[in-house]
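# Overview (structure and organization)
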Amino acid sequence: MASLDDPGEVREGFLCPLCLKNLQSFYQLQSHYEEEHSGEDRDVKGQIKSLVQKAKKAKNRLLKREGDDRVESGTQGYESFSYGGVDPYMWEPQELGAVRSHLSDFKKHRAARIDHYVVEVNKLIIRLEKLTAFDRTNTESAKIRAIEKSVVPWVNDQDVPFCPDCGNKFSIRTRRHHCRLCGSIMCKKCMELISLPFANKLTSASKDSLSTHTSPSQSPNSVHGSRRGSISSVSSVSSVLDEKDDDRIRCCTHCKDTLLKREQQIDEKEHTPDIVKLYEKLRLCMEKVDQKAPEYIKMAASLNAGETTYSLEHAGDLRVEVQKVYELIDALSKKILTLGLNQDPPPHPNTLRLQKMIRYSATLFVQEKLLGLMSLPTREQFEELKKKRKQEMERKRILERQAVLESQRRLEERRSDLASHAANGEAKAAGRTDEVRTLQENLRQLQDEYDQQQTEKAIELSRRQAEEEDLQREQLQMLCEREWEREREQFRAASLHTRTRSLDFREIRPFQLEPGREPRTHLACALDLGFSSIQSSTAVETPSPLSALEPVRVWSGPPALGQESFPQNTVLQQNELASLNPFDEEDASSPTAEGTSSPPAAEPSFGPSARSLKEYNPFEEEEEAVAGNPFTNPDSPAPNPFDEEDEHPHQRPSSPPVPGNPFEGATCTNPFEMDSDSGPEGEEPIEEELLLQQIDNIKAYIFDAKQCGRLDEVEVLTENLRELKRTLAKQKGGTD
Amino acid sequence: MNVVFAVKQYISKMIEDSGPGMKVLLMDKETTGIVSMVYTQSEILQKEVYLFERIDSQNREIMKHLKAICFLRPTKENVDYLIQELRRPKYSIYFIYFSNVISKSDVKSLAEADEQEVVAEVQEFYGDYIAVNPHLFSLNILGCCQGRNWDPVQLSRTTQGLTALLLSLKKCPMIRYQLSSEAAKRLAECVKQVITKEYELFEFRRTEVPPLLLILDRCDDAITPLLNQWTYQAMVHELLGINNNRIDLSRVPGISKDLREVVLSAENDEFYANNMYLNFAEIGSNIKNLMEDFQKKKPKEQQKLESIADMKAFVENYPQFKKMSGTVSKHVTVVGELSRLVSERNLLEVSEVEQELACQNDHSSALQNVKRLLQNPKVTEFDAARLVMLYALHYERHSSNSLPGLMMDLRNKGVSEKYRKLVSAVVEYGGKRVRGSDLFSPKDAVAITKQFLKGLKGVENVYTQHQPFLHETLDHLIKGKLKENLYPYLGPSTLRDRPQDIIVFIIGGATYEEALTVYNLNRTTPGVRIVLGGTTVHNTKSFLEEVLASGLHSRSKESSQVTSRSASRR
């Protein structure tokens, strides 16, 4: 402990705790600290921490070295209980040790004593009051004496041959004097006098304290106290000998003492020294800081993290407020420090020490707390922080979403597994469907929230699109109808084999794919779906208004297997939406589904909700049919089945982003983008596939456009087609 | 069982109970020490205690705007001072706490002095001992015995201290004592007496296994306090002396003014807390590491920190660093001084021989080594004397004991008479005749095997191979194997289970080496908590003073102030 007795040198002012630089105000200190040490202090902490760690390690090493019994000890830090014992520093907290109070005993003894004392004092004061209750100056001294004698019986002169205080023998020279308060005798030397103002002070104070009314006779007494010259002429011989002290009251040292103590008590009650007033203010300020600073720190931390819970202005205000309080603390403690320094008798060294210590503790307080006040970001910084934070949150949400969808995916997987089983083993199908249903139920719950969001966006988007599409659709209807009819026939035939009719398209999907491939493909498909759900959610989450455009972007990107599958899956997802909540989302989501996709297998199973799909799907279906893709793909000489699976989606999403105007820019440019993007990057076989398919697609568009008579579009498309072909040729040349 | 915390809690409670407002802490000489061990100035300032006054100080001013917290030992003097104080109170209100049991008559006379009703509280708070470490306390009594028996004044003070400790930890223990020591038995009886007399105070919640108070006597192990130490706390005490956590560095050459006296307290000095039980070399490297890290941050200064002198220069040049790790500059100074003394006094070599004398039984090699060192001019007379003392204690009854020859060597070396006389005094104090147990040769098979294995393995660190005898005693106690014929219970009842909470008290003083042993036992033994106490905490110098004060050596009566001056430092 820094020595208790001598506090040592206390450095004053705003010292930077790191470099001991003296700064004039705490504003300066603060800015100094922020500028100079904000980076440093982390290092400092780090160093100290590392030192401590080293020390711990070293300690453990030492313990190991010390004797056989301790070899096993101290392989870890002290918190470790692995070897059972506990560092004495870590001993559990203990309650306060035994105590014993003597207060009641003390009070009992004191009460007995105090009663006695209080009675004494009160007696004296009552007598004093009586002695001053008449106009002394205008009363004859004989009469005064009579009154005085009536207040307290005087001790007989004969009884006291010697002064009890100094022991001198009374004689004609050393006369006896009586204490007017207790009647005792003393010599003149030992006699004390009580002035009237002093007497008044005592009596009035005790009256005040007893809250009785002041006697009216008192004030005139003190007022007339100075008229003594006139009285002296009429005063008796004895009073002349008594040196005309008739406006003072004689008493013994004893009584005077008691009265003086009493006076002191009265004085203290009323008097509060300056230091106390200042100190009280100082403490108030400190309390305020203790109250406000944590609040501010919370705010500043939040703001620095880019949160918007608190406003920057408010925090700024609070900061200023807290700083003002600090300034006040500084000013007050300085004032306390210099109290009475200029007085003539310089204050007692202890007073000075007290002042110094208060100042010191205030400085400590300010230093400790002030530097904890972090700075606020500027407006621009704050904006940036906010943005960052937003992104952060977005990412977090996505992650969360992904987690949800992950579990969803797992369910899907199982379900499609089941579905494929159902497809393969028809006999078992009936039993399995129940299972499938349960799973589906689960899935539905999982998806509820997702649906909500998805659909909301979809609704808006699709509404707009739907309007645009309406016209076109009508035109296309006729064309599509024939094709669709054919499809339906096909699927009806397929669905005859199973009793899972009520399930959504997914269960039927396998059938659709069945002609193409073995069950493994289904699995792959299901996996893809999983990926998709993750990524589709990303797409949905991103605030881009046209979520439907997302798939295109991804699609046009590098054709990694997983990513390629993504657009398709989004599409599937959305279809699923429609199918899962067929009643409430019928109108809303199905247009989206139309807009984004149309798995060929879906329509037949959709039942009532598939109405618009039916309208729409044929359109796509037709395109593809024209292009010949869906059906050619499985047979196409693709290197592996997964590729094929992935190819599917590509064609389909190619239309979704601009379902309303499949023949306009977006679709036209997309293929182009894809070419340029994927050309240099990638796996040639896949690229080629893509190109080929794209070319086919465009051919289909051209055909459509021709049918509708939009020649300009045809031109653009042909241009694109040419471009594509050229790229293809180039690639082929490159690979060869 | 944390003694530092126990005292600290008492002090905190006093301050807390006095409410808000400026306060003065009124103490006597002893309580000043007690408080200063557990509270730092800045810590206590934050609790609005701004002044610290001694009750016996005449120069106190009337400051009616202050509240007074009085923490006093219940001595006659203090009561008288307090009576005077209350008759003419200098402060507005008094909160009075006595550190031990106060008599009813004293309370009465105080009450009668309080005519102005300024006393708001009168309590007993049993913080009547110096809390050194959480598991170590002292009473700062030097010279507790006269011959083999207690100095009556010190006996009563020790009884008070020990009972206060029990009360502050809320323990009502069973008592065992060392049979071979009359003083131990006497103290045990006194403590028991107080427990019986103040039975209401000692009524605590019963624990399953009652706590145990074991009272030992320094006589049983005079070796430990004679050894040089190499762990930080013990070493500082041995070479520089720790007095209530303060170290006097004023005799260090070229010391700066503000480092004349430094405070080493584990309570507020993290570096110290983490390093107090480490050995010397590691502390040096810890400090060096810290400063090298710091230096890396300042690439302009490329100088290497090779020596402690470099480090000192470095610290002085960086006020920033000084403040950042304020305590470290203090430790650099202390460690620097230690290393200076080690090389100046050739302590590594001395210590190696000391350890050999203490731990091994090879007489001829030991004798040879002692003789060799006595010829070495770098070995101080103090160290030379202690080597001979260790030899005398270990080979007291050896057939070829050549103590007289060594005494001659001492004389030839010019070692003063007071030291030479102390050799026989130490043997008188802690020789075989006095010891209840065998310090040097292990008795039971396990111990013999252990020592044998130790011999095979070689010792990891020659300077710290010594294990205080206390370790064995406590080890046996924990395992329930401490012999009742050597350490009997006071009273009829005995402990059936193994003890859990143990308080060991050593009459004649404990050492920091023993504190380290207890610390390690606490850390390694599950469910056991041990607190060590002593009439004081010794280094070799103070131990020799203790031996002298006991006056055992009849012929050395005249040399009463031996060793007091500069003995350990030349």
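Here is what the cut-offs are and how they apply
- Residues numbered from 1 in each chain as written.
- Chains lettered and ligands numbered in written order.
- Predicted model: local features only at pLDDT ≥ 70, side-chain atom pairs only at ≥ 80, totals over all residues.
- Heavy atoms only, no water.
- UniProt positions renumbered as here; feature names shortened; annotations may be inferred.
- Helix = DSSP H or I, 4+ residues; strand = E, 2+ residues; numbered from the N terminus.
- Buried < 20%, exposed > 50% of the residue type's maximum accessible area, 1.4 Å probe, protein only.
- Contact = heavy atoms within 4.5 Å.
- Areas by Shrake-Rupley, 256 points an atom, 1.4 Å probe, with all protein chains shown as cover.
- pLDDT = per-residue confidence, 0-100.
- Disulfide = S-S within 2.5 Å.
- Expected span 1.5 Å × (residues − 1).
- Pairing = 2+ DSSP bridges.
- Axes fitted to C-alpha atoms, helices over the stretch in contact; angles between N-to-C directions.
- Polar contact = N/O pair within 3.5 Å; in protein donor to acceptor, adjacent residues only side chain to side chain.
- Salt bridge = Lys/Arg side-chain N within 4 Å of Asp/Glu carboxyl O.
- Parallel < 35°, antiparallel > 145°, perpendicular 65-115°, else oblique.
- Left-handed = near helix turned anticlockwise from the far one by under 90°.
- Nonpolar A, V, L, I, M, F, W, Y, C, P; charged D, E, K, R; others polar.
- Core = buried A, V, L, I, M, F, W, Y, C linked by side-chain atoms within 4.5 Å.
- Phe/Tyr/Trp six-rings, centres within 6.5 Å; stacked < 30°, edge-to-face > 60°.
- Lys NZ or Arg CZ within 6 Å of the ring centre and 35° of its normal.

As annotated in an unreviewed UniProt entry, chain B carries the name Vacuolar protein sorting-associated protein 45 and is attributed to Nyctereutes procyonoides. The UniProt entry for chain B carries this comment under Function (unreviewed entry): "May play a role in vesicle-mediated protein trafficking from the Golgi stack through the trans-Golgi network." One UniProt comment on chain B, placed under Sequence similarities (unreviewed entry), says "Belongs to the STXBP/unc-18/SEC1 family."

Chain A carries the name Rabenosyn, RAB effector in an unreviewed UniProt entry, which gives Canis lupus familiaris as its organism.

When its secondary structure is counted, chain A shows 26 helices and 7 strands. Taking all 736 residues of chain A together, 49% fall into the buried category. A fraction of 70% describes how many contacts in chain A between residues 6 or more apart in sequence connect residues 24 or more apart. Approximately 36,400 Å² of chain A is accessible, and the part contributed by carbon and sulfur atoms is 53%.

Looking now at the overall build of chain B. Looking only at helices and strands, chain B features 22 helices and 18 strands. The buried share among the 570 residues of chain B stands at 64%. Just so you have it, chain B exposes about 21,400 Å², and 49% of that area is on carbon and sulfur atoms.

Residues and elements named next belong to chain A. Looking at chain A as a whole, the pLDDT averages 62, with 44% of positions reaching at least 70. Low pLDDT (under 50) marks residues 38–52, which in the prediction has 22 contacts with non-local residues, meaning those over four places away or in another chain. Here residues 498–684 is a poorly scored stretch, pLDDT under 50, and it has 351 contacts once near neighbours within four places are set aside; other chains count.

Within this structure, the stated rule accounts for 0 disulfides over all chains. In this model A:Cys179 remains outside any disulfide bridge; the closest cysteine sulfur is found in A:Cys182, 3.5 Å from its own.

With 14 residues, helix α16 (residues 381–394) of chain B should cover 20 Å at 1.5 Å per step; its first-to-last C-alpha distance of 20 Å lies within 8% of that length. Summarising burial for α16(B): 13 of the 14 residues are buried, a large majority.

An order of β3(A)-β5(B)-β4(B)-β3(B)-β1(B)-β2(B) is seen for the 6 strands of this open sheet, with the pairing classed as mixed. Each having just a single partner strand, β3 (99–101) of chain A together with β2 (49–54) of chain B make up the two edges of the open sheet. The average angle at which neighbouring strand axes cross in this sheet is 25 degrees, direction not considered. As paired strands, β3(A) and strand β5 (residues 119–125) of chain B are joined by 3 bridges and run antiparallel to one another. Bridging from a neighbouring strand, A:Val99 pairs with B:Phe125 of β5(B). Each of β3 of chain A together with β1 (23–27), β2, β3 (63–72), β4 (91–98) and β5 of chain B touches helix α1 (residues 3–17) of chain B; the most contacted strand, β3(B), lies at about 155 degrees to it.

A few words now on the side chain of B:Asn228. All names here are of chain B. Looking at the secondary structure, you find Asn-228 in the loop between β11 (212–217) and α8 (232–239). Owing to a relative accessible area of 3%, Asn-228 belongs among the buried residues under this scheme. Engagement of the side chain of Asn-228 in a polar contact is seen with the side chain of Arg-386, the distance being 3.3 Å. Leaving out residues up to four positions away in the same chain, Asn-228 has contacts with Glu-238, Leu-239, Leu-347, Val-350, Ser-351, Glu-354, Gln-355, Asp-383 and Arg-386.

All right, on to the pattern of salt bridges then. Taken as a whole and assessed by the stated rule, the structure comprises 47 salt bridges over all chains. Among the salt bridges present, the one from B:Arg205 reaches A:Glu95, with a minimum N-O distance of 2.8 Å. Of this pair, B:Arg205 sits in the loop between α7 (182–197) and β11 while A:Glu95 sits in the loop between α2 (40–65) and β3, placing the two residues on different chains. The exposed category is assigned to B:Arg205, whose relative accessible area is 69%.

Here we take up unusual backbone geometry. Residues and elements named next belong to chain B. You will see that Glu-117, though not glycine, has its phi angle at about 55 degrees, which is positive. You can see Glu-117 is positioned in the loop between α5 (104–113) and β5. Positive phi is not limited to glycine here, since Asn-346 has a value of about 60 degrees. By relative accessible area, which is 13% here, Asn-346 ends up buried.

Here we come to the packing of helix α15 (residues 363–375) of chain B against α16(B). All names here are of chain B. Taken N-terminus to C-terminus, the directions of α15 and α16 make an angle of 165 degrees; their axes are 10 Å apart at the nearest point. Classified by the angle between their axes, α15 and α16 sit roughly antiparallel to one another. When you trace α15 past α16, the crossing you get is left-handed. On the side of α15, the interface is formed by His-363, Leu-367, Val-370, Leu-373 and Leu-374, while α16 contributes Ala-384, Leu-387, Val-388 and Tyr-391. Looking at the contact of α15 with α16 residue by residue, the classes come out as 8 nonpolar, 1 polar and no charged.

Time to look at the pairing of β2(B). Regular strands have side chains that alternate between both faces of the sheet. Residue and element names in this part refer to chain B. Within β2, 5 of the 6 residues are buried, leaving the element largely enclosed by the surrounding structure. Pairing between β1 and β2: 5 bridges, direction parallel. Bridged to Val-24 within β2 is Leu-51.

This part is about the environment of A:Leu259. Residues and elements named next belong to chain A. Residue position: Leu-259 is located in helix α9 (residues 253–270). Among the residues examined, Leu-259 registers a relative accessible area of 0% and is labelled buried. The spacing of Leu-259 and Val-121 is 138 residues in sequence and 7.3 Å in space, taken between C-alpha atoms.

Residues and elements named next belong to chain B. Along the chain, the position of Ser-18 falls in the loop between α1 and β1. Separated by 2.7 Å, the side chain of Ser-18 and the backbone oxygen of Ile-15 make a polar contact. Sequence-distant contacts of Ser-18, that is, excluding residues within four places in its chain, are made with Lys-23, Lys-67, Ile-69 and Phe-95.

The subject of this paragraph is the nonpolar core. Of all hydrophobic cores here, the largest spans 188 residues; its most connected members are A:Ile329, B:Tyr94, B:Tyr129, B:Ile215 and B:Ile507. No other element matches the 13 residues that helix α10 (residues 274–304) of chain A contributes to this core.

On to the packing of aromatic side chains. All names here are of chain B. One pass over the full model with this rule turns up 14 aromatic pairs over all chains. Ring centres of Tyr-10 and Phe-125 lie 5.2 Å apart, and the angle between their planes is 35 degrees; this geometry places the pair in the tilted category. Of the two residues, Tyr-10 is situated in helix α1 and Phe-125 in strand β5; the sequence distance between them amounts to 115 residues. Summarising the burial analysis for this pair, Tyr-10 and Phe-125 share the class buried. Grouping aromatic residues by their ring pairs yields a cluster made of Tyr-10, Tyr-97 and Phe-125. The cationic tip of Arg-176 hangs over the ring face of Tyr-489; the distance from NZ or CZ to the ring centre is 4.5 Å.

On to the sheet that holds strand β6 (residues 130–133) of chain B, then. Residue and element names in this part refer to chain B. Spatially, β6-β7-β17-β15-β11-β10 is the arrangement adopted by the 6 strands of the open sheet, whose pairing is mixed. In this open sheet, the two strands that pair with only one neighbour each are β6 and β10 (174–177). The sheet shows a mean angle of 25 degrees between the axes of neighbouring strands, direction not considered. Inspection of the sheet shows β10 paired to β11 by 4 bridges, in the parallel sense. Residue pairing for β11: Arg-176 is matched across the bridge by Leu-214.

To continue, consider the confidence of the model for chain B. Residues and elements named next belong to chain B. With 86% of its residues at a pLDDT of 70 or more, chain B shows a mean pLDDT of 84. When the criterion is pLDDT under 50, residues 554–570 qualifies, and its contacts beyond four places in sequence or with other chains add up to 38 contacts. At the level of chain-chain contacts, confidence expressed as ipTM amounts to 0.80, with global pTM at 0.62.

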